[in-house]
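The lines below spell out each chain.
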Amino acid sequence: MSENRFGKEKISIQNIGRQRFWIGLIAGIFSAISISLAFNYSREVFRLFTSMSADLLILNSIQLQFFNFFFSTLSAVLGLSISIWIWMSNPRHKRRKDRIYKQLSRTNSLLIFWVILMVIARFGSILPIILYGMPGYDNQLNLFEEYWLLFVLMPLVVFFQNWFTVRLVYRAGKWIFISFLGCLLAAFTLNQTTTVDQGKLNALYFKRFEKDYQYIEQQISRAEKNYDIDFNSETIDVLKKWHTESSIEQVMSLKSAFSRNSSVSMDTIILQKIAIRNFKQGRWHYYRRNSIENWHYALPKDVLRQINLTKSYENKTRELFNILQEQIELVNTAEIDWEEYENFTETERRRSLGAKYNIPRPLINQLKSVRDSLVKVEEYQEFTKELPEIKNDRIK
């Protein structure tokens, strides 16, 4: 054992070969840059995919910085794998087993390089397509909070695994330390130069729902000013989601609140009005198409009951009539010609399709009955004059 230890040469540029050393170093740097760019742009592409069927996956600033540094660090150590693979191709051997050990080192470097890339590619594509892009996903799998240690250990394992077999050939103490510092420096550099600005895709996504967000902010501000209602940030965030589990539950809980015999709060009324205007989706019950159970919002008869329960509260009554107005306007939404689709917002398109296919006939008849009954009440004339007529082609 002693003879084997002291028989190893120190790794050096001379032993590797000057030309081979620089080729390996340049190839490693080029590989690190290419891999880092591939990681970052692929992430944005897959984030774009999630927005097609679910809410856009958006990382907060801490999570974004953590994963950016993970990608840049992993890219740096994978670049080191390529460098070591080239360095260990030196055909000059001092000991009889050096040729075998060098081949083992080269095989090991390539193996860990491709295995790690395949793992990242596999999980990096499956999670966005199957999980993050699935309607109802609501951060049930938080990789940052639950598995952060895995992302810290992965680059470390790759780094030390690269040097493990090299040490069978050379004494590499200083080189390990220097390469470790080099990988850290490369990681910081890659983090600053190859990361993709998440805000660009976020801005495009928010542009799709700009009117919806403006309406939410307007109603939140109005509720705070006129009714002294302060909505918490979590409620507002859920209002701005469309397919998450919490968004669906919010819509269904609002409908449930109106179905009770007790008077609902003003904040519930405001939230229901926003949900109808933005055509937020609840959970589908998969009844027949014209089943009233498929209506995601407060039933008109439940709104009428709430109006009767709040006769002495003018503000509540006004807002409840606003809910009926939003329901009628939703029912009256005209069909958009496919040639004109690009001239309408995302929500306007969904409202058009929803009015055509997803509003049950019994609901429309119930809404007309409620409207007609309220119009006949003299004390509600101030409010009923704002209620539009239901289009004849909607009534059956």
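This structure is a prediction, so every number in the text was calculated from the model and none was measured. (Residues numbered from 1 in each chain as written. Predicted model: local features only at pLDDT ≥ 70, side-chain atom pairs only at ≥ 80, totals over all residues. Heavy atoms only, no water.)

1. Topic: the overall build of the protein
As a reminder of what qualifies: Strands here mean DSSP runs of E at least two residues long; helices mean DSSP runs of H or I at least four residues long; both are numbered from the N terminus. Atoms counted for the radius of gyration: C-alpha only. Globule rule: 2.2 Å times residue count to the power 0.38. To sort residues, take the accessible area from a 1.4 Å probe on protein chains only and compare it with the maximum for the residue type: under 20% means buried, over 50% means exposed, and anything in between is partly exposed. Two residues qualify as a contact provided that any one of their heavy atoms is within 4.5 Å of a heavy atom in the partner residue. All accessibility values rest on the Shrake-Rupley procedure with a 1.4 Å probe; residue burial counts only the protein chains present in the view. The sign given to each residue is positive for Lys and Arg and negative for Asp and Glu; His and the chain ends receive no count. Charge positions are represented by NZ for Lys, CZ for Arg, CG for Asp and CD for Glu.
Along its length, the protein carries 17 helices and two strands. Relative to its length of 396 residues, the protein is extended, with a C-alpha radius of gyration of 31 Å against a globular reference of 21 Å. Taken along the three principal axes of its C-alpha coordinates, the protein extends 105 × 45 × 30 Å. Considering the protein as a whole, with its 396 residues, one finds that 47% of them fall into the buried category. Nonlocal contacts in the protein, meaning residues at least 24 apart in sequence, comprise 79% of its contacts between residues at least 6 apart. Of the roughly 21,900 Å² of accessible surface on the protein, 58% is carried by carbon and sulfur atoms. Where the 52 positive side-chain charges of the protein centre and where its 40 negative ones centre are 15 Å apart.

2. Some words on the environment of Ser352
Among the secondary structure elements, Ser352 is positioned in helix H15 (residues 346-357). Classification of Ser352 by relative accessible area gives buried; the value is 2%. Here the alpha-carbon distance between Ser352 and Leu330, two residues 22 residues apart in the chain, equals 8.3 Å. If we skip the residues at most four places from it in the chain, Ser352 touches Thr333, Ala334, Glu335 and Ile336.

3. Here's the deal with the pattern of salt bridges
Quick note on the threshold: Whenever Lys or Arg places a side-chain nitrogen within 4 Å of a carboxyl oxygen from Asp or Glu, that contact is recorded as a salt bridge.
Within this structure, the stated rule accounts for 16 salt bridges. Arg208 is paired through a salt bridge with Glu346; the nearest N and O atoms lie 3.1 Å apart. With Arg208 in helix H8 (residues 198-208) and Glu346 in helix H15, the pair connects residues that are 138 residues apart, well separated along the chain. Of the residues examined, Arg208 reaches a relative accessible area of 29% and is grouped as partly exposed.

4. Focus on the nonpolar core
As a reminder, the rule being used: In these notes, a set of buried Ala, Val, Leu, Ile, Met, Phe, Trp, Tyr and Cys residues joined through side-chain atoms within 4.5 Å is what counts as a nonpolar core.
Among the nonpolar cores identified, the biggest contains 52 residues, and Phe231, Phe258, Tyr297, Val303, Ile307, Leu324 and Ile359 are the most heavily contacted of them. Elements that contribute at least two residues to this core include exactly H8, helix H9 (210-227), helix H10 (233-239), helix H11 (245-258), helix H12 (266-277), helix H13 (300-309), helix H14 (314-331) and helix H16 (361-375). Judged by nonpolar contacts, the second largest core, of 37 residues, contains Phe113, Val158, Trp163 and Tyr170.

5. Focus on unusual backbone geometry
For Asn139, which is not a glycine, the phi torsion comes out positive at approximately 60 degrees. Tracing the chain through its elements places Asn139 in the loop between helix H5 (98-132) and helix H6 (143-166). What makes Asn139 partly exposed here is its relative accessible area of 44%. Within the chain, Asp228 stands out as a residue other than glycine whose phi angle is a positive 55 degrees.

6. Regarding the packing of H6 against helix H7 (residues 173-193)
Filter applied, for reference: With axes taken as lines fitted to C-alpha atoms, and helix axes fitted only over the stretch in contact, angles between N-to-C directions fall between 0 and 180 degrees. In this scheme, a crossing is called left-handed if the near helix is turned counterclockwise away from the far one by less than a right angle; it is called right-handed if the turn is clockwise. In this classification, Asp, Glu, Lys and Arg are treated as charged, Ala, Val, Leu, Ile, Met, Phe, Trp, Tyr, Cys and Pro as nonpolar, and every other residue, Gly included, as polar.
Relative orientation of the contacting elements H6 and H7 amounts to 150 degrees, with a least axis distance of 11 Å. Relative to H7, the crossing made by H6 is right-handed. Every residue of H7 that contacts H6 at Leu156, Phe159 and Trp163 is listed here: Trp175, Ile176, Ser179, Phe180 and Cys183. For the contact of H6 with H7, the per-class residue count stands at seven nonpolar, one polar and no charged.

7. Regarding the packing of aromatic side chains
Here is the rule we go by: For this analysis, a ring pair means two rings from Phe, Tyr or Trp (six-membered ring only for Trp) whose centres lie within 6.5 Å, classed as stacked if their planes differ by under 30 degrees, edge-to-face if by over 60, and tilted for the remaining angles. Two conditions define a charge sitting above a ring: the NZ of Lys or the CZ of Arg must be within 6 Å of the ring centre, and it must be within 35 degrees of the ring normal.
Per the counting criterion, the structure on display carries 25 aromatic pairs. Taking the centre distance of 5.1 Å and the plane angle of 55 degrees together, the rings of Tyr132 and Tyr137 count as tilted. Assigned by exposure class, Tyr132 and Tyr137 land together as buried. With centroids separated by 5.3 Å and ring planes inclined at 65 degrees, the aromatic side chains of Tyr205 and Phe209 adopt a geometry described as edge-to-face. The two residues Tyr205 and Phe209 agree in class, both being buried. Through a chain of ring-to-ring contacts, the aromatic side chains of Phe39, Phe66, Phe67, Phe70, Phe71, Phe144 and Phe151 assemble into a single cluster. Note that Lys240 overlies the ring of Tyr213, its terminal NZ or CZ placed 5.7 Å from the centroid.

8. Here's the deal with the packing of H9 against H12
Condition: Throughout this description, any angle smaller than 35 degrees is read as roughly parallel, any larger than 145 degrees as roughly antiparallel, any in the 65 to 115 degree range as roughly perpendicular, and the remainder as oblique.
Packing of H9 against H12 brings their axes to within 11 Å, and their N-to-C directions diverge by 160 degrees. By the criterion of interaxial angle, the relationship of H9 to H12 is roughly antiparallel. Of the two elements, H9 crosses H12, and the hand of that crossing is right-handed. In this structure, H9 contributes Tyr215, Ile216, Gln219, Arg222, Ala223 and Tyr227 to the contact, and H12 contributes Met266, Ile270, Lys273, Ile274 and Arg277. Tallied by class, the residues present in the contact of H9 with H12 amount to seven nonpolar, one polar and three charged.

9. Re the environment of Gln366
Our working definition: Contacts described as polar in this section are N or O atom pairs within 3.5 Å, which, within protein, must combine one atom able to donate a hydrogen with one able to accept it, while residues neighboring in sequence count only if both atoms come from side chains.
Here Gln366 shows up in helix H16. Of note is the side chain of Gln366, whose polar atom sits 2.9 Å from the backbone nitrogen of Lys301.

10. Topic: a positive patch on the surface
To be explicit about the condition: Residues qualify for a patch when their relative accessible area is over 30% and they have no salt bridge, like charges being joined within 9 Å and the nonpolar side chains of Val, Leu, Ile, Met, Phe, Trp and Tyr within 5 Å.
Side chains of Lys10, Lys94, Arg171 and Lys174 sit close together on the surface and give a patch of like positive charge. Counting through the fold element by element, Lys10 comes out in strand S1 (residues 9-10).

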